[in-house]
Amino acid sequence: MEPLTADEQLTLRTGAFGAVFLVSNAEPGMLAMVRESMAASGALADASGVVRAALTTGPLPQLPRDSALEVEATVLPALGRAVRILLAKSPGDVAAYRSVVLAAADRVAQAHRGVAPAEAAVIEKIRQALAEPA
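Bear in mind the structure is a predicted one, so any value in this text is a computation, not a measurement.

Undergrad: It is not clear to me how the overall build of the protein chain should be interpreted in this structure. Could you clarify?
TA: A count of helices and strands for the protein chain gives 6 helices and 0 strands. Along the protein chain, helices and strands appear, N-terminal first, in the series α-α-α-α-α-α.

Structure below.
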């Protein structure tokens, strides 16, 4: 395994935290946001190895604030880049990254009255972004 650079770790964080942000914003609400944040932190804390190191060290990612489309245009490509980085440097951690990101997204969606259709649609986009590159 080749160590990840700081920029590569930031890409993994951008994808993971951004995915949580996308799902949380699919069905916004203040009380829901608190529950969702707690649910996401629990899922991300379950990571181990290279994935855990990438998600727990360094600065938080800076996501666009102007629109959901801009956030999506940043996060979904970051998820694909994260998978490619892991395939190149730590292939054994690709499944763990995918699992942690999808678990966090699912926990966020489940945290407040179950998975809404908008949340399910976002989770499907996240799943597609995490699919192994051709």
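After that view, the rundown keeps rolling.
Undergrad: Whenever I open this one, the pattern of salt bridges confuses me. Can you help?
TA: Where charged atoms of side chains with opposite charge meet at close range, the side chains can pair. One pass over the structure, following the stated rule, counts 3 salt bridges. Note that E72 is salt-bridged to K125, the shortest N-O span being 3.2 Å. Separated by 53 residues along the polypeptide, E72 in helix α4 (residues 68-89) and K125 in helix α6 (residues 117-130) bring together distant segments of the chain. One salt bridge connects R127 with E124, and the closest N-O pair in it is separated by 3.6 Å. One end of the pair, R127, and the other, E124, are both in helix α6, 3 residues apart, so they sit about a helical turn from each other.

Undergrad: How should the nonpolar core be read in this particular structure?
TA: Note on soluble globular proteins: their nonpolar side chains tend to be buried together. Ranked by internal contacts, the top residues of the largest apolar core, which has 37 residues, are L12, V23, L79, Y97, V101, I126 and L130. If you list the elements that add at least two residues to this core, you get α1 (6-26), α3 (49-56), α4, α5 (94-110) and α6. With 9 residues, α5 is the largest single contributor of residues to this core. With sequence-adjacent residues up to four places away left out, L130 is seen in contact with L79, V83, Y97, R98, V101 and L102.

Undergrad: Help me understand the environment of P61, please; the structure alone is not making it clear to me.
TA: Of note, P61 is situated in the loop between α3 and α4. For the pair P61 and L12, spaced 49 residues apart in sequence, the C-alpha separation works out to 9.4 Å. Excluding residues that lie within four positions of it along the chain, P61 makes contacts with L10, R13, T14 and F17.

Undergrad: What am I meant to see in α5 here?
TA: Counting along an α-helix, one turn takes 3.6 residues, and residues three or four places apart therefore face a common direction. Taking 1.5 Å of rise per residue, the 17 residues of α5 would be expected to cover 24 Å, and the 24 Å separating its terminal C-alpha atoms lies within 8% of that figure. Residues of α5 that are buried include every one of V94, Y97, R98, V100, V101, L102, A104, A105, V108 and A109, and no others.

Undergrad: Sorry, what's going on with α1 here?
TA: Taking 1.5 Å of rise per residue, 21 residues should cover 30 Å, and α1 covers 30 Å from first to last C-alpha, within 8% of that figure. The element α1 is largely enclosed, with a buried count of 15 among its 21 residues.

Undergrad: Would you mind going over the packing of α4 against α6 with me for this structure?
TA: To characterise two packed helices, one gives the angle between the axes of the helices and the distance between these axes. Between α4 and α6, the least distance of the axes is 8 Å, while the angle of their chain directions is 35°. Handedness of the α4/α6 crossing: right-handed. Along its contact with α4, which presents E72, L76, L79, G80 and V83, the element α6 presents K125, I126, A129 and L130. Looking at the contact of α4 with α6, its residues break down into 6 nonpolar, 1 polar and 2 charged.

Undergrad: Help me out: how do you make sense of the packing of α1 against α6 in this one?
TA: Contact geometry of α1 with α6 gives a least axis separation of 8 Å together with a crossing angle of 160°. Regarding the angle of α1 to α6, the classification is roughly antiparallel. When the axes of α1 and α6 are compared, the crossing they make is right-handed. For the pair α1 and α6, the contacting residues are A19, L22, V23 and A26 in the first and A118, E119, V122, I123 and I126 in the second.

About the criteria used
- Residues numbered from 1 in each chain as written.
- Predicted model: local features only at pLDDT ≥ 70, side-chain atom pairs only at ≥ 80, totals over all residues.
- Heavy atoms only, no water.
- Helix = DSSP H or I, 4+ residues; strand = E, 2+ residues; numbered from the N terminus.
- Salt bridge = Lys/Arg side-chain N within 4 Å of Asp/Glu carboxyl O.
- Core = buried A, V, L, I, M, F, W, Y, C linked by side-chain atoms within 4.5 Å.
- Buried < 20%, exposed > 50% of the residue type's maximum accessible area, 1.4 Å probe, protein only.
- Contact = heavy atoms within 4.5 Å.
- Expected span 1.5 Å × (residues − 1).
- Axes fitted to C-alpha atoms, helices over the stretch in contact; angles between N-to-C directions.
- Left-handed = near helix turned anticlockwise from the far one by under 90°.
- Nonpolar A, V, L, I, M, F, W, Y, C, P; charged D, E, K, R; others polar.
- Parallel < 35°, antiparallel > 145°, perpendicular 65-115°, else oblique.

In short, shape yes, function no, at least from these values alone.
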